[in-house]
Amino acid sequence: MSASSAIFTVLLLVLLQIFEVNSCGSDQMCPDKPVFTPSSLVVKYGDPAYATCVVCQSGCTADVSNLEKSSGTAEINGRTIMWNVSSLTEWDSDLICFNEDQNGTQCCTTLGVTVYQTPKDVSFRVFNHSGPMLEGDAHTLVCDVWDVAPVNLVVTFYRGPTQLGQPQLYTTTEKKPSNVTFLLSYEASREDDGAQLSCGAKLELGPEGPQHLSVVKSQNVTATIHYGPEPQDAVNQISIYEGETLQLNCSSGANPDPSYTWILPFTDSPHGSSVLTVKSVGSEHKGQYNCTVSNSVKTVSMVFEVDVRVNFIPYIIAAAVVLTTIIVAIVAVKMYCCYKHKYMKNYNLMDVFRLRRQRSQGPY
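Residues numbered from 1 in each chain as written. Predicted model: local features only at pLDDT ≥ 70, side-chain atom pairs only at ≥ 80, totals over all residues. Heavy atoms only, no water.

1. Regarding the pairing of strand 22 (residues 259-263)
Residues of strand 22 alternate between two faces, with Y260 and W262 buried on one and S259, T261 and I263 left unburied on the opposite face. As paired strands, strand 22 and strand 24 (residues 287-294) are joined by 5 bridges and run antiparallel to one another. Within the sheet, the bridge partner assigned to Y260 lies in strand 24 and is V293. (Buried < 20%, exposed > 50% of the residue type's maximum accessible area, 1.4 Å probe, protein only. Helix = DSSP H or I, 4+ residues; strand = E, 2+ residues; numbered from the N terminus. Pairing = 2+ DSSP bridges.)

2. Considerations on the side chain of R190
On the secondary structure map, R190 appears in the loop between strand 15 (178-187) and strand 16 (196-203). Relative accessible area serves as the criterion here: at 17%, R190 is assigned to the buried category. Within the structure, R190 has its side chain in polar contact with the backbone oxygen of G228 (distance 3.0 Å). Ignoring anything within four residues of it in the chain, the contact list for R190 reads E135, I225, Y227, G228, E230 and G253. (Polar contact = N/O pair within 3.5 Å; in protein donor to acceptor, adjacent residues only side chain to side chain. Contact = heavy atoms within 4.5 Å.)

3. Description of the nonpolar core
By size, the foremost hydrophobic cluster in this structure holds 28 residues, and its most contacted members are M133, L141, C143, V145, L153, F157 and F182. Among the secondary structure elements, those contributing two or more residues to this core are strand 10 (121-126), strand 12 (138-148), strand 13 (152-159), strand 15 and strand 16. (Core = buried A, V, L, I, M, F, W, Y, C linked by side-chain atoms within 4.5 Å.)

4. Here's the deal with the UniProt feature "transmembrane region" (unreviewed entry) in the protein
The feature "transmembrane region" (unreviewed entry), as annotated in UniProt, sits at residues 312-337 in this numbering. End C-alpha atoms of residues 312-337 are separated by 38 Å, and the span's content is 96% helix alongside 0% strand. (UniProt positions renumbered as here; feature names shortened; annotations may be inferred.)

5. Notes on the layout of surface pockets
Within this model, the largest pocket holds a volume of roughly 200 Å³. Along the wall of the largest pocket there are 16 residues; nearest its centre are V113, T114, V115, P150 and N152. Breaking the lining of the largest pocket down by element, the ones donating at least two residues are strand 2 (41-44) and strand 9 (113-116). Element by element, the count of residues in the lining of the largest pocket is highest for strand 9, at 3 residues. When the residues that make up the lining of the largest pocket are grouped by side-chain class, the tally is 7 nonpolar, 5 polar and 4 charged. (1 Å grid on protein atoms, 1.4 Å probe; cavity = no way out; pocket = protein on both sides within 12 Å on 5 of 7 lines; lining within 4 Å. Points joined across faces, edges and corners; volume = space filled by probe spheres on them. Nonpolar A, V, L, I, M, F, W, Y, C, P; charged D, E, K, R; others polar.)

6. Some thoughts on the sheet that holds strand 8 (residues 106-111)
As summarised here, the arrangement of the 3 strands in space is 4-7-8, forming an open sheet in which the pairing is antiparallel. Edge positions in the open sheet fall to strand 4 (66-68) and strand 8, since each of these has one partner strand only. Each strand of the sheet is rotated relative to its neighbour by a mean of 25°, with strand direction disregarded. (Axes fitted to C-alpha atoms, helices over the stretch in contact; angles between N-to-C directions.)

7. So, unusual backbone geometry
Of the consecutive residues T37 and P38, the connecting peptide bond is found in the cis state with omega at 0°. By the element assignment, P38 lies in the loop between strand 1 (35-37) and strand 2. Here the bond from N255 into P256 is cis, since omega is 5°, no more than 30 degrees from zero. Tracing the chain through its elements places P256 in the loop between strand 21 (246-249) and strand 22. The backbone of D147 sits at a positive phi, close to 50°, despite the residue not being glycine. Of note, D147 is situated in strand 12.

Take a look at the structure:
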């Protein structure tokens, strides 16, 4: 027999054996199927693992009972086969335990072995975009998950601690590590300016797997949102009295910071601050004040209609003081006249001086 014929024969025998094992009888034909403990196995890549298989309860031929494996060792003890591996590094590690009854019928049971690996890295980015985002523009947020197995992933996008959208679940039958990309539609909003955007990925391994695997988070990306000042459609009516302080506030939140230009009714010089202050208004300050707020995104205007009223209170107070003074003066004159008429009558002041002169000369 030639070497090529020998190799062909060996390959054929191997294929036939695999076919026989994988074509085990159905449940109806195999009332005494092998039983694995545990019934499923979830192992972290590189960790040790073990399982046992009771080939049959009775009636099978021990000589043709065995365990198909890709790694590890199998120890046969009667109808029980014990499998263990010190470090499981085979991604496709399902075990097949099989037996054969007295009629030559093969029965087998497969132990599904899930070898998992948490993501090596998770990264966040904005698709096809860098730099500031413009308010209202639609963008696509991207979460890249690297070297994860199996791909049974839940990925969540975040704005700070707040979840963005719904968690995304992705599952495939691929057992080896893969790279997966998740997308989320996002509309830029001024409320998100300065917020930390990120994403996180977590393996979902079912009830047989570990229940407290941590979320692998991406780096934080600070969102910079450019937005214009808020428009003001209505005219602001301001009524103020002469002499009071007039203060008009044209401030408006915007990014980048806006510039301010005022057109005033009493001067041709523009005013560049967001707040206009006139300490003591007069009639010349009456009229329309126009404030223009502008940045690279938008330009809006605010209008203030100022009505300066005459304050009559000081005049009323002054008139009251004058009137009171006049009344007091009149009352005082009246009282003096009454006193003179009642008590002094025809008394002449010259008589007082004449009497004093007579007393100084003495008696004759």
